[in-house]
Amino acid sequence: NVAPIAALLIVIGSLLNPVLTRIPSWQVVALCAVAAMAAGALEAKLIGSMEMKYAAYGTPVLSVLAGVTISFAVIATSRFLVASPFGEAMAALGARSVTIMYLHMPLAAALMQQFGLEYPVVLISSVVLGGFLVHKAVARQPLARMLFLGETKSHRDEPASGGLQ
């Protein structure tokens, strides 16, 4: 039941991938505006949202287009930001994203229950920073790094050139 729509999304992604590598910055801004409108239409329930987990595909054609547009805008924006001064910070967060993903729910629950944090910007920033710092602390300890991160040696042990040995 899910396979046909998943195959469609994979085909769309593979066809649009070459376009993503060449998109100019002004088109990223325009694309984000269209994606914001698509997100608004989904939020306002003008079109149904796609929830593949429950085999609910929303409004035919429009939900797929909204999802693809939003995904396309996120990817284009991230490629644009990587070349900006924020690129290194984004790369550092990306390298630690699995740790952040696993810790975000317990950290958010603890922050809301223990400290009453409810402001989304503060909560999201705190959870991301907390996951980032936990990853950094675990990476410093060889046994913890091996057990929790699956790494047997520190990134500091690698050659500066990044080449294979």
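Note that the coordinates shown come from a computational prediction; the quantities given were computed from them, not determined experimentally.

Caption draft 1: Structural view of the side chain of Ser63. Tracing the sequence through the fold places Ser63 in helix 3 (residues 62–82). Here Ser63 falls in the buried class, since its relative accessible area comes to 3%. In this structure the side chain of Ser63 is engaged in a polar contact, spanning 2.7 Å, whose partner is the backbone nitrogen of Thr59.

Caption draft 2: Geometry of the nonpolar core. Formed by Leu20, Ile23, Val28, Leu31, Ala35, Phe72, Ala73 and Ala76, the largest nonpolar core amounts to eight residues. When residues of this core are traced back to their parent elements, those giving at least two are helix 2 (25–43) and helix 3. Residues within four places of Phe72 in sequence aside, it is in contact with Leu16, Val19, Leu20, Ile23 and Leu31. Membership of the second largest hydrophobic core comes to five residues, among which are Ala108, Leu111, Leu117 and Val127.

Caption draft 3: View of a nonpolar patch on the surface. A cluster of nonpolar side chains, namely Leu143, Met146, Leu147 and Phe148, defines an oily patch on the protein surface of about 480 Å² accessible area. When its relative accessible area of 56% is taken as the criterion, Leu143 is described as exposed.

Conventions used here
Residues numbered from 1 in each chain as written. Predicted model: local features only at pLDDT ≥ 70, side-chain atom pairs only at ≥ 80, totals over all residues. Heavy atoms only, no water. Helix = DSSP H or I, 4+ residues; strand = E, 2+ residues; numbered from the N terminus. Buried < 20%, exposed > 50% of the residue type's maximum accessible area, 1.4 Å probe, protein only. Polar contact = N/O pair within 3.5 Å; in protein donor to acceptor, adjacent residues only side chain to side chain. Core = buried A, V, L, I, M, F, W, Y, C linked by side-chain atoms within 4.5 Å. Contact = heavy atoms within 4.5 Å. Patch = residues over 30% accessible without salt bridge, like charges linked within 9 Å, V, L, I, M, F, W, Y side chains within 5 Å. Areas by Shrake-Rupley, 256 points an atom, 1.4 Å probe, with all protein chains shown as cover. Salt bridge = Lys/Arg side-chain N within 4 Å of Asp/Glu carboxyl O.

Function-wise, these values are silent; they only describe arrangement.
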